[in-house]
Amino acid sequence: MTVSAIEYTRLGPPKLRLYAMRCSSCGKLSPWWEKNHCYECGGGDLTHEELAGGGEITNYTVVYYPPRDFLGQEPYVVGHIQMDEDVLLPAPVVDVAPDDVEVGTRVTSTLRRMKLGHEGDIYYGHKFVVE
Amino acid sequence: MAQIVRYGAYLPRHRISVKEIQDFYGRPGRPRSRTLATPGLDEDPLTMAYEASVATIGHDGAELGALIVASQAPPFGLRKFSATLARALGVSGADHFDLGAHPAGLLDGLALADALVAAGRGPVLVVASDHLVAYEERVADMLSAGGAAAFLIGGDGGVAELGAERRASEEVFDVWRLGTEPEARYRLEVLFGTYGAVAKTALAALEEATGRPAGDYASVAASQPHPQTLRALGRLGVGKEQLAGTSFVGEIGNLGTASAGFALALALDAAEAGQHVLAFGYGGGEGIAREIEVTAATPDSGAAGMIEGQAISLSTYYRWTRGRQVEPH
């Protein structure tokens, strides 16, 4: 079995650390996937900055019919997390019943499996648990 | 001797009733464990090791000299578990060591950490994390559950000191796996017999070294692959009260390599300064006994509060165990 270079290039390595992108022009943080474009000023010089992991749910939905990579985990919560460093990240909120989640709930990040890649490579990423 | 500076533990929150599994497969007999601590589909020994490590050192591993990970069930082969965990923890500049294929790997890790600290290469984070999966009705024997424990070992400023260690071993096939087989083979009667035999030899050697018989320890933190193994310790002079706070296999199952670690976290949580704790690891015919002296008030890792968990249905458990077997899609 060989590793798909196309998939590896598209998804990148596992996200073992939680980070966002700091704009050198305006100083604002953008989500981690914005490598070349600041959400605030459109600046193109962004650098990695690690996040402490704490945040608050500002919005959420409950997924009952998940995409294939998440089958077996439904129902689960996906929320917008306002991080303490002032950046908004969408992420699953796990280990909690959907009825126990509400806007304003404090959460903290934790490392979890995100998906099993096309070639069996494991993609880890950060999900959130209720504090 | 090196010291345990801090420690932490992690159990997945999901619990499946072993009686339900036995009823489903028509297997008679009293369940050997009430439930099994079952990792979710998005959990594996790496994520559980991360949780226990963060509970121990937080998100900052910058000062670590070394990281040792023990697991029988790393989520991937031919890759270095400890290095991936180090990257997840943000540990840089530390040496990483993998210890595998042995349920008493935590005790090996503590011995290695002891030597590294003595050589000036500490502090060392020793992590044991496991989920040795068994399928269908065999899980009623293997009691496959998951969990993790982590111990930060340093030269000073600790809450407990690592004392003498003694080992004993026999050449047996009790629990083993051939090549790339997905689950273990086992002979429970060999496991029970060998556990008792090597424990007897190792505890006698430890008593000779320390002058303290097994019955004199405040508590005993032992590998517990099956409730029957703890009865073997009872025949060696370990009292029920010494195991009362550290025995969990009858409640949440066999945590594999993490078993002795989780028991040690429970023992340290309940210990007072001046007391001695006996740590005993067993796996593959080898028994490792180590004395640990509590030197200061210990922080509460919250391990006891993790045992209860939350029930999941048999159908969810079945989907999850089958899900762990699926080929990449």
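In the block above lies the structure referred to throughout.
Source: prediction; values computed, not measured.

> Before we go on, may I ask you to explain the pairing of strand 8 (residues 160-169) of chain B in this structure?
The side chains of a regular strand alternate, residue by residue, between the two faces of the sheet. Residues and elements named next belong to chain B. When strand 1 (residues 3-10) meets strand 8, the two strands line up antiparallel, connected through two bridges. Note that in strand 8 the partner of Q3 across the bridge is E161. Direction of pairing for strand 8 relative to strand 13 (residues 286-294): antiparallel, over a ladder of eight bridges. Looking at strand 13, one finds that A168 is bridged to G287.

> Explain the packing of helix 6 (residues 188-210) of chain B against helix 7 (residues 227-234) of chain B to me, please; I cannot follow it from the model alone.
When two helices pack together, you describe them by how their axes are tilted relative to each other and by the distance separating the axes. All names here are of chain B. Two elements in contact, helix 6 and helix 7, have axes whose closest approach is 9 Å; the angle formed by their N-to-C orientations is 35°. Relative to helix 7, helix 6 is oriented so that their crossing is right-handed. Only Q228, T229, L230, A232 and L233 of helix 7 make contact with helix 6, whose side of the interface consists of L191, F192, Y195, G196, A199 and L203. Classifying every residue of the contact of helix 6 with helix 7 by side-chain character gives eight nonpolar, three polar and no charged.

> Sorry if this is basic, but what is going on with the interface of chain B and chain A here?
Of the residues lining the interface, 23 residues belong to chain B; the matching set on chain A comes to 25 residues. For the pair chain B and chain A, the summed buried surface comes to about 2,100 Å²; carbon and sulfur atoms form 51% of the total. Inspection of the region where chain B meets chain A yields six salt bridges. The salt bridge involving D44 of chain B is made with R113 of chain A; its shortest N-O contact spans 3.0 Å. Our count for the chain B to chain A interface comes out at 13 residue pairs in polar contact (both at pLDDT 80 or more). Those elements that place two or more of their residues in the side of chain B that touches chain A are helix 2 (45-57), helix 3 (81-89) and helix 12 (314-325) of chain B.

> Could you clarify how one ought to interpret helix 3 of chain B in this entry?
Since the α-helix packs 3.6 residues into each turn, any two residues three or four apart lie on the same face. The buried count for helix 3 of chain B comes to eight of nine residues, which makes it a mostly enclosed element. Along helix 3 of chain B, the residues that are buried comprise F81, S82, A83, T84, L85, A86, A88 and L89 of chain B. On its buried side, helix 3 of chain B packs onto strand 7 (106-116) of chain A together with helix 2, strand 4 (66-71), strand 5 (95-100) and strand 6 (124-131) of chain B. Remark: G90 of chain B follows helix 3 of chain B within two positions and exhibits a positive phi of approximately 75°.

> For this particular structure, what's the right way to read the packing of aromatic side chains?
All names here are of chain B. By the definition in use, this model includes ten aromatic pairs over all chains. Centre to centre, the rings of F24 and Y25 are 5.0 Å apart; their planes meet at 85°, and the pair counts as edge-to-face. A ring pair is formed by Y195 and Y282, whose centres lie 5.1 Å apart and whose planes are at 55°; its orientation type is tilted. Here Y195 is found in helix 6, whereas its partner Y282 is found in strand 12 (residues 276-283), with 87 residues between them in sequence. Here the two residues Y195 and Y282 agree in accessibility, since each one is buried. What links up through ring pairs into an aromatic cluster is the set F24, Y25 and Y318. The aromatic ring of F76 is capped on one face by R79, whose charged end is 4.6 Å from the ring centroid.

> Is there a simple way to explain a positive patch on the surface in this structure?
Positive charge collects at one region of the surface, where R30, R32, R231 and R235 of chain B lie side by side. For R32 of chain B, the location among the structural elements is in the loop between helix 1 (18-25) and strand 3 (35-38).

> I tried to follow the sheet that holds strand 3 of chain B on my own but got confused; where do I start?
Sheet strands pair via backbone hydrogen bonds, and the direction of the pair is either parallel or antiparallel. All names here are of chain B. Read from one edge to the other, the open sheet built from three strands follows the order 3-2-14, with strand pairing classed as mixed. Looking at which strands have only one partner, the edges of the open sheet turn out to be strand 3 and strand 14 (310-311). In the sheet, strand 2 (residues 14-17) pairs with strand 14 via two bridges, with the strands oriented parallel. Within strand 14, the residue paired with R15 across the bridge is A311. Sheet strands touched by helix 1: strand 2 and strand 3. Its angle to strand 2, the strand with the most contacts, is close to 45°.

> Could you clarify how one ought to interpret the pattern of salt bridges in this entry?
Once their charged atoms are close, side chains differing in charge can pair, the charge on each being opposite to the other. All told, the structure shown has 26 salt bridges over all chains when counted by the stated rule. As a salt-bridge pair, D86 of chain A and K28 of chain A come within 3.9 Å of each other at their nearest N and O atoms. Of this pair, D86 of chain A sits in the loop between strand 5 (76-83) and strand 6 (88-94) while K28 of chain A sits in the loop between strand 1 (19-23) and strand 2 (29-30), and the two are 58 residues apart along the sequence. R185 of chain B serves as the salt-bridge partner of E181 of chain B, at 2.5 Å between the closest nitrogen and oxygen. The exposure class of E181 of chain B is partly exposed, given its relative accessible area of 24%. Residue R185 of chain B is classed as partly exposed on the basis of its relative accessible area, which comes to 38%. Each of D95, R112 and K127 of chain A together with D42, E43 and E51 of chain B takes part in one network of salt bridges that share partners.

> Sorry if this is basic, but what is going on with the sheet that holds strand 4 (residues 54-63) of chain A here?
Here five strands make up a closed barrel; going around it, the order is 4-5-6-8-7 (chain A) and the pairing mixed. This sheet shows a mean twist of 45° between the axes of neighbouring strands, independent of strand direction. Running at roughly 160° to strand 7 of chain A, helix 2 of chain B makes contact with strand 7 and strand 8 (122-130) of chain A of the sheet.

Definitions and limits used
Residues numbered from 1 in each chain as written. Chains lettered and ligands numbered in written order. Predicted model: local features only at pLDDT ≥ 70, side-chain atom pairs only at ≥ 80, totals over all residues. Heavy atoms only, no water. Pairing = 2+ DSSP bridges. Helix = DSSP H or I, 4+ residues; strand = E, 2+ residues; numbered from the N terminus. Axes fitted to C-alpha atoms, helices over the stretch in contact; angles between N-to-C directions. Left-handed = near helix turned anticlockwise from the far one by under 90°. Contact = heavy atoms within 4.5 Å. Nonpolar A, V, L, I, M, F, W, Y, C, P; charged D, E, K, R; others polar. Buried area = accessible area lost by both parts, 1.4 Å probe. Salt bridge = Lys/Arg side-chain N within 4 Å of Asp/Glu carboxyl O. Polar contact = N/O pair within 3.5 Å; in protein donor to acceptor, adjacent residues only side chain to side chain. Buried < 20%, exposed > 50% of the residue type's maximum accessible area, 1.4 Å probe, protein only. Phe/Tyr/Trp six-rings, centres within 6.5 Å; stacked < 30°, edge-to-face > 60°. Lys NZ or Arg CZ within 6 Å of the ring centre and 35° of its normal. Patch = residues over 30% accessible without salt bridge, like charges linked within 9 Å, V, L, I, M, F, W, Y side chains within 5 Å. Areas by Shrake-Rupley, 256 points an atom, 1.4 Å probe, with all protein chains shown as cover. Lys, Arg positive; Asp, Glu negative; His and termini not counted. Charge placed at Lys NZ, Arg CZ, Asp CG, Glu CD.

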